[in-house]
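A closer look at the structure
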Amino acid sequence: MKHTKLLSILLLILPLLNTAQEESVELFSIPLSSPNEPGKLIVSQLAGSIDVISYEGNEVIVKASFGNRKAHYKDDKKEKNGLKRIQNSSLKIGGEEKNNVVQIINEQWNKTTNLEIKVPKEFSLKLATVNRGNINVKGVSGEFEISNVNGEITMQDVSGSASADTVNGDIKANFLSVTNDANMVFSSLNGDLDVTFPNSTKADLKLKSEQGDIFTDFEMQVDKKKAIAKTDKSSSTYKVEIEQWVSGKINGGGPEMLFKTFNGDIIIRSN
């Protein structure tokens, strides 16, 4: 029976934290239970960027740089009633592994944490951040579930399938190959969606941009369907909502790929 490997660090050394604020430092490495099999990385944090890159290895290597989110406010730098502020040097971040699933546990609630994580190439990712950071993935192959609120999502030279959403930011992805029969979703409220697929990709596309344009260099067969009317009779009020999407097929059709943005363009490229 395999047991969970737990690795955590609690650093109270001021010089190390000062260095980490300026440049990334390696925190720890997490070995996998089955090094030659695909794995999964889970990261969710409040503030900071997440960069994940593949490498020729069989461990998950975690580096980070840190900052104090309150440092941007001038009032926090002032003395209060004659008291001098002492820089908080505490740091608590760790990770655990079970059956090739690695979860990074970040308890830095009052500091921005910029994570740089190396993973084996065959690795699925579930990544989320909220403020002051972008999410970047490079060279990884797997299933991707990526969410951001105030930042961009970039996926470079990836393979597999993805569900990616952000509120304020662009999404840009370049797929070297896609998983057969896997549905995908890309959505943003305020941002462009710019995704590149192999030119042999088969898909049913469902596209909607309220304030932007739609572009593609695929030979897309656009469906000549009418707007969809949704009715709601669950209450005493009769409601009707008309929703217009652009639908079509590339290379004869396949799994559904949904693209939705409010303020932004949708760009679907072939390579």
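What counts as what
As a convention, each chain's residues are numbered from 1 in the sequence order in which they are written. Per-residue local features of the predicted model are confined to residues with pLDDT of at least 70, and side-chain atom pairs are confined, for both listing and counting, to 80 or more; whole-chain, interface and lining totals are unaffected and use all residues. As a rule here, side-chain values come from all non-hydrogen atoms in the structure, and water together with hydrogens is ignored. The secondary structure listing takes helices from DSSP runs of H or I that are at least 4 residues long and strands from runs of E that are at least 2 residues long, numbered from the N terminus. Partly exposed residues are those whose accessible area sits between 20% and 50% of the maximum for their type, while under 20% is buried and over 50% is exposed, using a 1.4 Å probe and protein chains only. The contact rule is simple, with two residues in contact once any of their heavy atoms fall within 4.5 Å. What sets the accessible areas is the Shrake-Rupley method with a 1.4 Å probe; for residues, cover comes only from the shown protein chains. By the convention used here, strands pair only if DSSP detects at least 2 bridges between them. One confidence number per residue, pLDDT, is output by the predictor and ranges from 0 to 100. For the purposes of this section, nonpolar cores are sets of buried Ala, Val, Leu, Ile, Met, Phe, Trp, Tyr and Cys residues that join through side-chain atoms within 4.5 Å. Side-chain rings of Phe, Tyr and Trp, where Trp is taken by its six-membered ring, are said to pair if the distance between their centres is within 6.5 Å; with planes under 30 degrees apart they count as stacked, over 60 as edge-to-face, and otherwise as tilted. Exposure above 30% relative accessible area and the absence of a salt bridge qualify a residue for a patch, where like charges join within 9 Å and nonpolar side chains (Val, Leu, Ile, Met, Phe, Trp, Tyr) within 5 Å. We define a salt bridge as a side-chain nitrogen of Lys or Arg found within 4 Å of a carboxyl oxygen belonging to Asp or Glu. Each polar contact in these results corresponds to two N or O atoms within 3.5 Å; when the atoms are within protein, one needs to be able to donate a hydrogen and the other to accept it, and residues that are neighboring in sequence are counted only if both atoms are side-chain atoms.

Moving on to the overall build of the protein chain. Along the protein chain, the regular secondary structure elements total 1 helix and 23 strands. Classification of the 271 residues of the protein chain by burial places 39% in the buried group. For the protein chain, the share of sequence-separated contacts (at least 6 apart) that also reach a separation of at least 24 residues comes to 60%. For the protein chain, the accessible area works out to roughly 15100 Å², and carbon and sulfur atoms hold 48% of it.

Of note in the backbone geometry, D157 takes a positive phi value of approximately 55 degrees without being a glycine. When you line up the elements, D157 lands in strand β12 (residues 153-168). Backbone geometry places D181, a non-glycine residue, at a positive phi of 65 degrees. The exposure class of D181 is exposed, given its relative accessible area of 71%.

What follows covers the pairing of strand β23 (residues 266-270). Direction of pairing for strand β15 (residues 193-197) relative to β23: parallel, over a ladder of 5 bridges. Directly across from T196, in β23, lies its bridge partner R269. Looking at chain direction, strand β17 (residues 214-216) and β23 are connected through 3 bridges and run parallel. Within the sheet, the bridge partner assigned to I214 lies in β23 and is I266.

Glancing now at the confidence of the model for the protein chain. In the predicted model, the protein chain carries a mean pLDDT of 85, and the fraction of residues at 70 or more is 78%. Counted against residues more than four places away or in other chains, residues 8-17, with its pLDDT under 50, gives 23 contacts. For residues 69-75, every residue scores under 50 in pLDDT, and the model assigns this stretch 11 contacts once sequence neighbours within four places are set aside.

This brings us to the nonpolar core. If you look at the biggest cluster of nonpolar residues, it comprises 50 residues, and the most contacted ones within it are L41, I104, F186 and F259. In terms of residues, this core owes the most to one element, β12, which gives 5 residues. For F186, the residues in contact, after removing those within four places along its chain, are A162, A164, I171, F175, L193, V195, F197, L258, F259 and K260.

Another aspect to go through is the packing of aromatic side chains. In this structure the tally under the stated criterion is 3 aromatic pairs. On the basis of an interplanar angle of 80 degrees and a centroid distance of 6.4 Å, the ring pair of F175 and F186 is categorised as edge-to-face. Pair noted here: F175 is in strand β13 (residues 171-178) and F186 is in strand β14 (residues 184-190), with a separation of 11 residues, a long-range link. In this structure, F175 and F186 share a single accessibility class: buried. Ring centres of F186 and F259 lie 5.1 Å apart, and the angle between their planes is 25 degrees; this geometry places the pair in the stacked category. A residue pair is termed long-range when its members are at least 10 positions apart, and F186 in strand β14 and F259 in strand β22 (residues 256-263) qualify at 73 residues. As far as the burial class goes, F186 and F259 line up, both buried.

This next bit is on a nonpolar patch on the surface. A cluster of nonpolar residues, V167, L189 and F262, forms a patch on the protein surface that exposes about 220 Å² of accessible area. Its relative accessible area of 41% is what places L189 among the partly exposed residues.

On to the side chain of N100. Structurally, the position occupied by N100 is in the loop between β6 (91-98) and β7 (101-106). N100 gets classed as buried once you look at its relative accessible area, which sits at 3%. Reaching out from N100, the side chain makes a polar contact with the backbone nitrogen of S33 at a distance of 3.2 Å. Polar contacts involving the side chain of N100 include one to the main-chain amide nitrogen of S34, which spans 2.7 Å. Setting aside chain neighbours within four positions, we find N100 in contact with L32, S33, S34, E37, P38, G39, K40 and F123.

What follows deals with the pattern of salt bridges. Scanning all chains against the criterion turns up 4 salt bridges. We note a salt bridge from K249 to D204, for which the minimum N-O separation is 3.1 Å. With a gap of 45 residues between them, K249 in strand β21 (residues 246-250) and D204 in strand β16 (residues 203-209) connect regions that are remote in the sequence. Owing to a relative accessible area of 29%, K249 belongs among the partly exposed residues under this scheme. Salt-bridge contacts for E210 lead to K208; the nearest nitrogen and oxygen are separated by 3.4 Å. With a relative accessible area of 42%, E210 lands in the partly exposed category.

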